[in-house]
Amino acid sequence: MSHYKGELAGREFDWFAIDSEGNIGLFSTAGEGRIPETVFENYVQYGNISAQLDSPNWGTSEVWSDYAKLGFYVYDWVLYGGPYHKERDPMGNMSTELKTKIMSIAGLPRLPVKFKALNDIMDV
């Protein structure tokens, strides 16, 4: 686990992780959230996938619903100092295409938790 460095310092960034049940979470850093080291190593891949997400409400709090409709558990970093707080549960099934893209990220973090049971996550 690490704090921001290099090109991600102070920048809003979304990354993904898989839980112990195979569900995918989207974690929005709010410019300061903790990020696993393997995400730093592949941040360009995360950015490319994030940029392709259908999010007509980007820039508003309704973006969480956009991501939930895509099948994500959605977590946002609480300023200042965390934790990641669950904003939405999935409101649909994730497309096979999107899941395949995310699962192909080298070093995709696997968290030993169940997203459906956790509202707050500090250690990633």
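All residue numbers refer to positions counted from 1 along the written sequence of the respective chain. It should be noted that, the model being predicted, local features are given only for residues of pLDDT at least 70 and side-chain atom pairs only at 80 or more, the latter also being counted only at that level, while totals for whole chains, interfaces and linings use all residues. Only heavy atoms go into the side-chain values, all of them from the structure, while hydrogens and water stay out.

The criterion for an aromatic pair is that two Phe, Tyr or Trp rings (for Trp, the six-membered ring) have centres within 6.5 Å, with stacked assigned to planes under 30 degrees apart, edge-to-face to planes over 60 apart and tilted to the rest. Considering all chains together, one arrives at twelve aromatic pairs under this definition. Aromatic side chains Tyr-73 and Phe-115 sit 5.8 Å apart centroid to centroid with 50° between the ring planes, which places their arrangement in the tilted category. In this pair, Tyr-73 sits in strand E3 (residues 73-77) while Phe-115 sits in the loop between helix H4 (96-103) and strand E5 (120-121), placing the two residues 42 residues apart along the sequence. No difference in accessibility class separates Tyr-73 from Phe-115, as the two residues are buried. Here a set of aromatic residues connected by ring pairs shows up, and it is made of Trp-15, Phe-27, Tyr-73, Tyr-75, Trp-77, Tyr-84 and Phe-115. By definition, any uninterrupted DSSP run of H or I lasting at least four residues is a helix, any uninterrupted run of E lasting at least two residues is a strand, and each is numbered from the N terminus. Categorising residues by exposure relies on relative accessible area from a 1.4 Å probe, with only protein chains included: less than 20% of the type maximum marks a residue as buried, more than 50% marks it as exposed, and the intermediate range marks it as partly exposed.

The next subject is the sheet that holds strand E4 (residues 84-88). Paired strands are those between which DSSP finds at least two bridges. On the basis of which strands lie adjacent, the open sheet formed by five strands has the order E1-E2-E3-E4-E5 and mixed pairing. The open sheet has two edge strands with one neighbour each: strand E1 (14-18) and E5.

Below, the discussion takes up unusual backbone geometry. In this model, Leu-79 is joined to Tyr-80 through a cis peptide bond whose omega is -5°. Relative to the elements of secondary structure, Tyr-80 occurs in the loop between E3 and E4. Cis rather than trans, the peptide bond between Gly-82 and Pro-83 has omega equal to 10°. Positionally, Pro-83 belongs in the loop between E3 and E4. Phi is positive for Ala-30, close to 55°, though the residue is something other than glycine. The exposure class of Ala-30 is partly exposed, given its relative accessible area of 25%.

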